[in-house]
Structures are given as structure tokens and as C-alpha cells.
Amino acid sequence: MEIVAYTTTNCKYCTNLVLLFERAGVDYKKILVQDRSSEANTISTVEFKSSYPDAVGYPYVLIDGVHVGGLVEVAKLFLEKGLVKVSKNE
């Protein structure tokens with residue numbers, strides 16, 4: 001499973017998505033969307049919107065090249081696949 005997550009800074013949903021990935025023990029590629037793309041693993045906002053015109057918010061997650069949604073949709077998918085449980089203590 002190849003996971004690519006487009007995130008922004010100061011986004012609580014993006015932060016929680018990363019925690020979900022760590023909890024599930026999955027590998028993922030995090031790409032930061034910012035005004036200017038100057039570092040590795042970043043993309044400019046203009047380039048992101050050009051590549052994904054249907055994007056309405058962050059995080060924007062692709063699994064195996066297919067857009068699955070954001071934090072809530074990924075969490076539901078991980079629950080269905082048994083990658084995480086409802087309680088952190090389980």
C-alpha cells in the first residue's frame with residue numbers, strides 16, 4: 001500500500017493523520033503544501049491545486065494513487081482493514 005499525504009503547517013487534522021499512520025504502523029510519504037516549494041518533500045500551493053483541482057482541504061490522502069479523503073476517511077478505512085482499533089489501549 002503506497003500512501004501519500006499532502007499536509008499543511010498548523011493543521012490539527014494533518015497532525016492527527018500522522019499520529020494515525022504511526023499508530024497503524026504504516027509507511028507513508030508526507031508532502032508539505034506551502035506557498036513556495038523550496039525544500040524536499042514540499043509542493044507549492046499553485047502546483048498542488050493544479051494537480052488536484054478537486055481538493056477542498058487538508059490533509060489530502062492518496063492510497064495507491066486513488067484519493068481516499070482526509071483524516072476521517074483514512075481512519076474509517078484503517079478501522080475496516082483492522083490496522084487500528086477504536087481504543088488506543090486495545
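Before reading further, recall that the structure is shown in the block above.
Okay, so let's go over this structure. Note that the structure is a prediction, hence the values are computed from the model and not measured. (Residues numbered from 1 in each chain as written. Predicted model: local features only at pLDDT ≥ 70, side-chain atom pairs only at ≥ 80, totals over all residues. Heavy atoms only, no water.)

**Some points on the sheet that holds strand β2 (residues 29–34)**
Strand order in the open sheet made by the five strands is β3-β2-β1-β4-β5, with mixed pairing throughout. Where the open sheet ends on each side, the last strands, each with one partner, are β3 (42–44) and β5 (66–69). Between one strand and the next, the sheet's axes are offset by a mean angle of 30 degrees, whatever the strand orientation. Of the pairings in the sheet, the one linking strand β4 (residues 60–63) to β5 comprises three bridges and is antiparallel in character. By the bridge assignment, V61 is partnered in β5 with G69. Across the sheet, helix α1 (residues 12–24) touches β1 (3–7), β2 and β4, and the angle it forms with β1 is around 160 degrees. (Pairing = 2+ DSSP bridges. Helix = DSSP H or I, 4+ residues; strand = E, 2+ residues; numbered from the N terminus. Axes fitted to C-alpha atoms, helices over the stretch in contact; angles between N-to-C directions. Contact = heavy atoms within 4.5 Å.)

**Let's talk about the packing of α1 against helix α3 (residues 71–81)**
Here α1 crosses α3 at 15 degrees, and the two axes come no closer than 10 Å. Of the possible angle classes, the one that applies to α1 and α3 is roughly parallel. Our pair here, α1 against α3, has a crossing hand that is left-handed. Residues Y13, N16, L17, L20, F21 and A24 of α1 pack against L71, V74, A75 and F78 of α3. A class-by-class count of the residues in the contact of α1 with α3 yields nine nonpolar, one polar and no charged. (Parallel < 35°, antiparallel > 145°, perpendicular 65-115°, else oblique. Left-handed = near helix turned anticlockwise from the far one by under 90°. Nonpolar A, V, L, I, M, F, W, Y, C, P; charged D, E, K, R; others polar.)

**Structural notes on the nonpolar core**
Counting 13 residues, the largest nonpolar core has I3, L17, L20, F21, V61, V74 and F78 as the members making the most contacts within it. Counting only elements with at least two residues in this core, the list comes to β1, α1, β4 and α3. Top element by residues in this core is α1. It accounts for four residues. Look past the residues within four positions of V74 in its chain and what remains in contact with it is L17, L20, F21, V61 and V68. Counting 10 residues, the second-largest nonpolar core is a separate cluster that includes Y6, I43, Y60 and L62. (Core = buried A, V, L, I, M, F, W, Y, C linked by side-chain atoms within 4.5 Å. Buried < 20%, exposed > 50% of the residue type's maximum accessible area, 1.4 Å probe, protein only.)

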